[in-house]
Amino acid sequence: MEKPQPSRKDTVLTRRYIEGLIAEGKHVIIFEGRVLKVDAWIKFHPGGDKSIKHMVGRDATDEINAYVPGWITD
């Protein structure tokens, strides 16, 4: 029996890799233990880009859960 291949969702990123993305100017946030690259989406964020840029490289789970309706994040 073949071992199933991990999906992109199962990939573990190192801290160094994430720091490298940020150093390259990428907008990366953490939500519920997952790393989200939000560069393409940031210009559409209804709260503006500053709220996203403030959370780059940080765990934004509490902030997202506090300000974003559950039906959007589910």
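Look up: the structure comes first, before these words.
Residues numbered from 1 in each chain as written. Predicted model: local features only at pLDDT ≥ 70, side-chain atom pairs only at ≥ 80, totals over all residues. Heavy atoms only, no water.

Enquirer: Where do I start with the pattern of salt bridges in this structure?
Expert: When the charged atoms of two side chains lie near each other, side chains of opposite charge can form a pair. For the structure on display, the rule yields two salt bridges. The salt bridge involving Glu19 is made with Arg15; its shortest N-O contact spans 3.3 Å. Residue Glu19 and its partner Arg15 are located together in helix α1 (residues 15-23), separated by four residues, close to a single helical turn. What makes Glu19 partly exposed here is its relative accessible area of 43%. Among the ionic pairs, Asp49 bridges to Lys53, the shortest N-O distance being 3.3 Å. Of this pair, Asp49 and Lys53 both sit in helix α2 (residues 49-53), four residues apart, which is roughly one turn of the helix. The class for Asp49 is partly exposed, based on a relative accessible area of 33%. For Lys53, a relative accessible area of 43% puts it in the partly exposed group. (Salt bridge = Lys/Arg side-chain N within 4 Å of Asp/Glu carboxyl O. Helix = DSSP H or I, 4+ residues; strand = E, 2+ residues; numbered from the N terminus. Buried < 20%, exposed > 50% of the residue type's maximum accessible area, 1.4 Å probe, protein only.)

Enquirer: How should I be thinking about the side chain of Thr61 in this particular structure?
Expert: Take Thr61: it is sitting in helix α3 (residues 61-67). Looking at Thr61, its side chain comes within polar contact range of the main-chain nitrogen of Glu32, at 2.7 Å. Each residue touching Thr61, except ones within four places of it in the same chain, is listed here: Ile30, Phe31 and Glu32. (Polar contact = N/O pair within 3.5 Å; in protein donor to acceptor, adjacent residues only side chain to side chain. Contact = heavy atoms within 4.5 Å.)

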